[in-house]
Each structure stands twice: as structure tokens, then as C-alpha cells.
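If you want the building blocks of each chain, they are given just below.
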Amino acid sequence: MTIRIEQPDDRDAIQRVVAAAFQSNAEARLVDLIRSSPEYIPELALVAEQDGEIVGHVMISYALLDDGARRDRIAMLSPLAVAPAFQGRGIGSSLVDEVTARADDRGEPLVILEGSPQYYSRFGFEHSVRHGIHIILPSWAPPEAAQVKRLRNYDPKLRGTAVYPPAFDAVTEREEVE
């Protein structure tokens, strides 16, 4: 398996992988919206490729952290997707490890996400509230789904509420895969 930066020719395959992984076109549309936004970080949009086939995708884009007095730009991992036939083989883990390492190398202080504490804790993600970072979650998500990974340049003064970029506002409803 190879992990590399996504290329324009990968877009259709990425859409298929993301839609299949989430059983919804909404997340695939979210990837396109992030990609066309000012919050997109091209070098932190990665694919996993096996035998010439794209089998996984992850991206980190920018969000804001608002403490009431100032807004700091922070990194946010969303979404992570692995084609269903390839799940359980460590591909998602490899993508998370690689994209967070690249964010760390870029000097990002932290990465936030919404996700399974059981899954993401193995990568060093922790409940964000412990670090003064609040993520407004959907009603169905447990509070511990709000997570943060502190990187080498972490500054404990970074506190506040995560403000998602507009791309996330545009994707509000589940869209069934055709």
C-alpha cells in the first residue's frame, strides 16, 4: 500500500470510496466542498492506494478556535474513509498516522476531530474538553467524540470553541448512495 497526496485525477475514485465508506453521498460532497474552500490544505489530503486502486482517503483542513477574544486557525481531520472491502486492514490507521505526522511537520499545534474515542485514542487523540477545547457535536454523538491530538507545537493557551468552516454547513442531510 502507498500513501500519497491526492491528485486531481483521483477525485472520482475518492468520491466512490468516501460514499461507500459512509453509505452516503453527503460526506463525498463534503470532500469536494472542502477541496474548493480556502480552508483546504492540499498537502494534507491523502489517499491510500493498493495495486493502483484508491482504497482510502483522509484530509485535514482548517477550522477556527474561538475563545471569545480571538480566533486561532487550527487543523481538523475530517473525513477519514476506507472502502468497505478494505476495512480492518490497517489502512485507516496508516492514513491517520501519516496525515497527523505531516500536520506536525508543518508546525500545526493540534488536530481536532469528531469520532470514536475507542478508535482515535490509539493515535493520541484525547477528549478535547480536558484541554479547554469545545466541539459542538451532533445530538447522537457521545461527548467524548470531541477529540484533540496535541502536536509538538501545542500551546495550552489554545482554548475555546471550534468553529467549523462553511463547507460543513452546506452538508447537513444524509444523502443516500445510488
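As shown above, the structure is provided for reference.
Residues numbered from 1 in each chain as written. Predicted model: local features only at pLDDT ≥ 70, side-chain atom pairs only at ≥ 80, totals over all residues. Heavy atoms only, no water.

Caption draft 1: Quick look at the packing of helix α1 (residues 11–22) against helix α2 (residues 25–35). Orientation of α1 relative to α2, taken along the N-to-C sense of each, is 140°, at an axis distance of 7 Å. In this view, α1 runs oblique relative to α2, as classed from their interaxial angle. As for how α1 packs across α2, the hand of that crossing is right-handed. On α2, the residues touching R11, I14, Q15, V18, A19 and F22 of α1 are N25, E27, A28, V31, D32 and R35. Within the contact of α1 with α2, the residues separate by chemical class into 6 nonpolar, 2 polar and 4 charged. (Axes fitted to C-alpha atoms, helices over the stretch in contact; angles between N-to-C directions. Helix = DSSP H or I, 4+ residues; strand = E, 2+ residues; numbered from the N terminus. Parallel < 35°, antiparallel > 145°, perpendicular 65-115°, else oblique. Left-handed = near helix turned anticlockwise from the far one by under 90°. Contact = heavy atoms within 4.5 Å. Nonpolar A, V, L, I, M, F, W, Y, C, P; charged D, E, K, R; others polar.)

Caption draft 2: View of the environment of A63. Within the secondary structure, A63 sits in strand β3 (residues 53–66). Relative accessible area serves as the criterion here: at 4%, A63 is assigned to the buried category. In sequence terms A63 and E39 are 24 residues apart; their C-alpha atoms lie 7.1 Å from each other. For A63, the contacting residues outside a window of four places in its chain are D72, R73, I74, M76, V163 and P165. (Buried < 20%, exposed > 50% of the residue type's maximum accessible area, 1.4 Å probe, protein only.)

Caption draft 3: Region of interest: the side chain of H131. Considering the arrangement of structural elements, one finds H131 in the loop between β6 (126–127) and β7 (133–134). With residues up to four places along the chain from it excluded, the contact list for H131 reads E126, V148, R150, Y154, L158 and R159.

Caption draft 4: Structural detail: α2. Every buried residue belonging to α2 is among A26, E27, A28, L30, V31, I34 and R35, and all of these are buried. Next to the buried residues of α2 lie α1, β2 (40–50), β3, β4 (71–82) and α5 (166–169). Between a side-chain oxygen at the N-terminus of α2 and the backbone nitrogen of A26 the separation is 3.0 Å; the capping residue is S24. (Polar contact = N/O pair within 3.5 Å; in protein donor to acceptor, adjacent residues only side chain to side chain.)

Caption draft 5: Broad picture of unusual backbone geometry. Across the junction of S78 and P79, the peptide omega takes the value -10°, indicating a cis bond. Mapped onto the elements of the fold, P79 is located in strand β4. In the Ramachandran plot, Q23 falls in the positive-phi region, its phi being about 50° despite a non-glycine side chain. Examined against the element boundaries, Q23 turns out to sit in the loop between α1 and α2. For Q23, a relative accessible area of 57% puts it in the exposed group. A positive phi angle, near 50°, is found at D51, a position not held by glycine. Mapped onto the elements of the fold, D51 is located in the loop between β2 and β3.

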